Amino acid sequence: MLIALYIMLGLALVLGAVLGYAALKFKVEGDPLIARIDAILPQTQCGQCGYPGCKPYATAIANGEADINQCPPGGDEGVHALADLLGVEYKPLNEEHGETKPKMVAFIEEDICIGCTLCIQACPVDAIVGAAKHMHTIVASECTGCELCIAPCPVDCITMNPIVETPENWKWKYPTIPIKPAIHL
Amino acid sequence: MNAPINIAGLLKKTKAVFRFNGGVHPPENKAQSTQRPIGQLALPEKLVLPLRQHIGNIPKIKVAIGDHVLKGQLIAEAEGTVSAAIHAPTSGTITAIADAVIPHPSGLSDRCITITPDGKDSWIERQPQDWRKDELAPLVKSLRLSGIVGLGGATFPTQIKLRSANTAIHTLVINAAECEPYITCDDMLMRERSEEIVLGIKVAKRLLDAENVIIGIEDNKPEAIKAMRMATENTDIQVKVVPTLYPSGDARRLVYLVLGQEVPHNKRSTEVGIQVFNVATVSALYRYFEFGEPALSRVVSMTGNVNQPQNFEVLFGTPLRHLIKAAGGAKRDTSHFIMGGPMMGFNLPSDDVPITKAANCIIAASPTLFEPPPPAMPCIRCARCADACPVSLQPQELYWFAKSDNFEKAQAYNLFDCIECGACSYVCPSDIPLVQYYRYAKSEMIALDKAKEAADIARERNEFRLARIEREKQERAAKHAARAQGAKTADSSEKTTAPNDKQAAIAAAIERAKAQKAAENTKPKNTTHLSNTTKAEIAAIDARRASVGLTETKMTTNEEKQAKITAAIARAKAQKTDANQAANETPIKNDALAVDTEKQAKIEAAIARAKAAKAEATKPQDKGVQTKPSADAEKQAKIEAAIARAKAAKASALETKEQQAKED
């Protein structure tokens, strides 16, 4: 009887020590859920979801404050991925937040630019170079296509251009059977 | 693990060939283009050189439109590590640097340099190197300028393959299998230039410091085997004949065939000490070092539905049309042209594309040669594709995953190990274009990967930006706090002394100004001996001084006022700084005051100037102007002038009268 008690007590102490050590040793910093949600989001930083960036939106989702269907750049696939991750029902994109568009790249018409720096301040990823009263330009490779620079421009010199297909970014197409007109005999 | 070396050593003694899994036997169709020797082409009217002729970075253009270039001159320089240079294939003029259709499955245009040949074909000064004796490092380094890429079709820049890798290369495998139907360019090269190839192998062997060299040739090229055996007699180069089985020309398959060693799927062959070169590539290496000739041309098989199928030595950039003409022209029922073999090649967008470094074979296709594929039927899970797959994948599974965009699963089933050889599509009883699905899935996955990478960069940049904004905010706050702190400490000592100091300073300034004025007033007035004009001037100056003297009292009152205001401001400032506010408001106010006094001074100066001008006006009048106010003096002057004029008029009138009288 006593032996059994001692054994149980000893086990409890040993396991408790192991668990306590593990809790310290393998402590997880931050909320991994936010990071995982953030990894799914497209990082456009466009704010169409109503939050000032992808991370704040991820935080809001993790805290249950925001719905999973507020990210148009992420598209339907993004909503599916979030639904899978969070174990919730899929819902179609909320149209209030905009439509899914193909990725675009901002372009500054340099003849018109007056060098006001307003777009530089608006760019969430520092993809615009320029200085006050000097022409600005977009670093196309860093542009996320968030369109945040368009509204502040006082001379409307920023346009969104679709990404041009080149041999470099060209993709093989999904195999389709070409439909040919029937031959009339 | 030194096993590879041992295996290689063992294999050197054996003649054994190791068969890989799968493979197919498509009809060879090689005889047509081996009936004639390698032909030479006349210079075409223009050469169009796409910048994208190899795997890696686009080279940097070094010429401009209108430049005259010599044969072998560098026109685009390798950019970055993985890149290859481009040279002028003949002498001529650069006539365009613009987008043109390139031989690419997309059919899209890309940047090309167009050379119009001058017909002289004059060489630039060539710089041969002694590859037998020179130091290795500079030799390998100079390859960056050679423009040589893998001529088997992969077009991987050769200088990278020759750079001393982490692992020593013990075996060099020369790929002469040429397993795809129709293609015979390597076959003809071996038949005609076996000596050159063997010398090229020696170059590569020295640069790589490899112990063993094995040439792998398929047994459907008996003449090439004979030629290579003859050329390699008395050397330690081994010629290994492998059975004809598509795709034995794939580098990993060939390594297994000749060495019995499987290269792990996630490693390169160099990581296990084996390097593979195509025969045409080693021949180009030899020509580069021995004669200083960069990559300017290659042997191309022009075959299929043309009148005289033949291999040609073609300058890079030669329009395909020119090549077709040399092969007797395409037959009437030619529908399109294929670059590469019928298994792995792709349809060319037009016959206007240039021949590039990758073009080993051009096939004119017709509906009779290549029947259009029947419509695909559903997969019946017969697994014939799995039997045929040389990489031992599960093509039927990969097909399902690719078809349903289930890329994660496709990756788990090692889709990226697929070499796109087309053996699965070839055997499929349902005629499913399997490779097309794999290509689609692969490019989608690559695009997704790139998007992911871009998203990660965007996240990083956004986080950096937010951190920077936060840092700037904190810095600003810290600066404000520091300034407020400084003002506070200064305040406590200043409160008692500062106003006094300021007032004292103001008083001192007033004293100085008064003293100056007094000094001006005590100047001696020794004007008695002066002329009247000078006296008038002095009077004017005195008048000005008088006016200044008048305002002197005003000034002092003003200054007193200002002093009072500044004192008030100082008090206000002290109060404000107490409340940590308006640290920079007071300087502005002080500035405003300064501006006020300055303004006044300016106004006064202007008044003085005006007075002086008036006094000047009175100068010619030598009468007692001194006593009269200047405004009156002017008036009088005017009046007097008028009188003078009137007198003169009278006088002249009198004169005329007198004259008239005289005349009368």
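Residues numbered from 1 in each chain as written. Chains lettered and ligands numbered in written order. Predicted model: local features only at pLDDT ≥ 70, side-chain atom pairs only at ≥ 80, totals over all residues.

Engineer: Which residues make up the overall build of chain A, and what values do they have?
Structural biologist: Along the backbone of chain A there are five helices and four strands. Mapped in sequence order, the helices and strands of chain A form the string α-α-α-α-β-α-β-β-β. Taken over the C-alpha trace, chain A has a radius of gyration of 26 Å; the compact-globule value for 185 residues is 16 Å, which it surpasses by more than 25%. With the principal axes as the frame, chain A shows a C-alpha extent of 90 × 70 × 35 Å. Counting only residues that meet the buried cut, chain A has 23% of its 185 residues in that class. Sequence-distant contacts, at least 24 apart, represent 57% of the contacts inside chain A between residues at least 6 apart. (Helix = DSSP H or I, 4+ residues; strand = E, 2+ residues; numbered from the N terminus. Rg over C-alpha atoms; globule rule 2.2 N^0.38 Å. Buried ≥ 20, exposed ≤ 12 C-beta atoms within 10 Å, placed from the backbone. Contact = placed C-beta atoms within 7 Å.)

Engineer: Summarise the domain arrangement of chain B; cite the residues concerned and give the values.
Structural biologist: All names here are of chain B. Entries for chain B in the domain assignment read domain 1 (1-30 + 131-292) and domain 2 (373-493). Centre-to-centre, using C-alpha coordinates, domain 1 lies 34 Å away from domain 2. With eleven residues of domain 1 in contact, the opposing surface of domain 2 contributes twelve residues. Residues belonging to the side of domain 1 that touches domain 2 are distributed by class as follows: five nonpolar, four polar and two charged. (Domains from an automatic or database assignment. Nonpolar A, V, L, I, M, F, W, Y, C, P; charged D, E, K, R; others polar.)

Engineer: Describe in detail the nonpolar core, supporting the description with residues and values.
Structural biologist: With 130 residues, the main nonpolar core has B:I174, B:V282, B:V300, B:L323 and B:I362 as its most contacted residues. When residues of this core are assigned to domains, at least three fall in each of domain 1 (1-30 + 131-292) and domain 2 (373-493) of chain B. Setting aside chain neighbours within four positions, we find B:I362 in contact with B:V300, B:M302, B:L320, B:L323, B:F337 and B:M339. In terms of nonpolar packing, the next biggest core, distinct from the first, is built from 17 residues, A:C46, A:L148, A:I158 and B:A455 among them. (Core = buried A, V, L, I, M, F, W, Y, C linked by C-beta atoms within 7 Å.)

Engineer: Describe the interface of chain A and chain B, with residues and values.
Structural biologist: Opposite the 19 residues of chain A that make contact, chain B presents 23 residues. For the side of chain A that touches chain B, a count of residues per class yields nine nonpolar, five polar and five charged.

Engineer: Just give me the short version of the environment of A:E96, but keep the residues and values in it.
Structural biologist: Within the element layout of this structure, A:E96 appears in the loop between α4 (75-86) and β1 (104-108). Here the alpha-carbon distance between A:E96 and A:Q70, two residues 26 residues apart in the chain, equals 8.2 Å.

Engineer: Residue-level account of unusual backbone geometry, with values.
Structural biologist: The omega torsion across B:Y246 and B:P247 is 0 degrees, close enough to zero to call that bond cis. Summarising the element assignment, B:P247 is placed in the loop between β11 (237-242) and α7 (251-259). Positive phi values are uncommon outside glycine, yet A:T117 reaches one of about 65 degrees. Non-glycine residue A:D156 carries a positive phi angle of around 50 degrees. Note that A:D156 resides in the loop between β3 (137-138) and β4 (158-162).

Engineer: Which residues make up the packing of helix α2 (residues 32-40) of chain A against helix α3 (residues 54-62) of chain A, and what values do they have?
Structural biologist: Residues and elements named next belong to chain A. Where α2 meets α3, the axes come as close as 8 Å, and the angle between the chain directions of the two elements is 125 degrees. For the element pair α2 / α3, the angle class is oblique. The way α2 lies across α3 gives a crossing that is right-handed. Contacts between α2 and α3 involve L33, I34, I37 and D38 on the former and, on the latter, C54, K55, A58, T59, I61 and A62. When its residues are assigned to classes, the contact of α2 with α3 shows seven nonpolar, one polar and two charged. (Axes fitted to C-alpha atoms, helices over the stretch in contact; angles between N-to-C directions. Parallel < 35°, antiparallel > 145°, perpendicular 65-115°, else oblique. Left-handed = near helix turned anticlockwise from the far one by under 90°.)

Engineer: Now, about the packing of helix α4 (residues 185-192) of chain B against helix α8 (residues 279-291) of chain B: what can you tell me, with residues and values included?
Structural biologist: All names here are of chain B. Put simply, α4 and α8 touch, their axes get as near as 9 Å, and they point 50 degrees apart. For the element pair α4 / α8, the angle class is oblique. Taking contact as the criterion, the partners of C185, D186, L189 and M190 in α4 are, on α8, V279, A280 and S283.

Engineer: Please give an account of the sheet that holds strand β13 (residues 297-304) of chain B that cites residues and values.
Structural biologist: Residue and element names in this part refer to chain B. Here six strands make up an open sheet; going across it, the order is β1-β14-β13-β17-β15-β16 and the pairing mixed. In the strand order of this sheet, the two ends are held by β1 (39-40) and β16 (346-347), each with one partner. Contacting β13, β14 (310-315) and β17 (361-365), α4 runs over the sheet at an angle of about 125 degrees to β13. (Pairing = 2+ DSSP bridges.)

Engineer: Mind laying out the environment of B:D186, listing which residues take part and the relevant values?
Structural biologist: Within the fold, B:D186 resides in helix α4. In this structure, the C-alpha to C-alpha distance between B:D186 and B:S146, residues 40 residues apart in sequence, is 21 Å.

Engineer: Residue-level account of the domain arrangement of chain A, with values.
Structural biologist: Residues and elements named next belong to chain A. According to the domain assignment, chain A contains domain 1 (32-97) and domain 2 (102-164). Spacing between the C-alpha centres of domain 1 and domain 2 amounts to 26 Å. Each partner contributes to the interface: domain 1 provides six residues, whereas domain 2 provides seven residues. A class-by-class count of the residues in the side of domain 1 that touches domain 2 yields one nonpolar, five polar and no charged.

Engineer: Describe in detail α4(A), supporting the description with residues and values.
Structural biologist: Between its first and last C-alpha, α4(A) extends 17 Å over twelve residues, near the 16 Å set by a 1.5 Å rise per residue. Of the residues flanking the end of α4(A), it is A:G87, one or two places downstream, whose phi is positive at about 70 degrees. (Expected span 1.5 Å × (residues − 1).)

Engineer: Lay out the environment of B:D236 in plain terms, naming residues and giving numbers.
Structural biologist: All names here are of chain B. Mapped onto the elements of the fold, D236 is located in the loop between α6 (222-231) and β11. Accessibility expressed as a C-beta count within 10 Å gives 10 for D236, which makes it exposed. Residues D236 and R381, spaced 145 residues apart in sequence, show a C-alpha to C-alpha distance of 48 Å.

Engineer: Describe the sheet that holds β11(B), listing the residues and the values that go with them.
Structural biologist: Residues and elements named next belong to chain B. Pairing within the open sheet is parallel, and its four strands lie in the order β11-β10-β9-β12. Strand pairing shows two members of the sheet lacking a second neighbour, β11 and β12 (274-278), which therefore form its edges. In this sheet, adjacent strand axes meet at a mean angle of 25 degrees when their direction is disregarded. In this sheet, β11 lies alongside strand β10 (residues 212-218) in parallel orientation, the contact comprising six bridges. Paired with E218 across the strands is V242, a residue of β11. Helix α5 (residues 194-208) rests against β9 (171-176), β10, β11 and β12 of the sheet, and its axis sits at about 150 degrees to β9.

Engineer: Break down the confidence of the model for chain B for me, citing the residues and quoting the values.
Structural biologist: All names here are of chain B. The share of residues in chain B with pLDDT of 70 or more is 79%, and the mean pLDDT across the chain is 84. Counting interchain partners and residues more than four positions distant, the pLDDT-below-50 stretch residues 1-5 has five contacts. A low-confidence stretch, residues 619-629 stays under pLDDT 50, and its non-local contacts, those more than four residues away or across chains, total eleven contacts. As scored by the predictor, the complex reaches a pTM of 0.72 and an ipTM of 0.84. (pLDDT = per-residue confidence, 0-100.)

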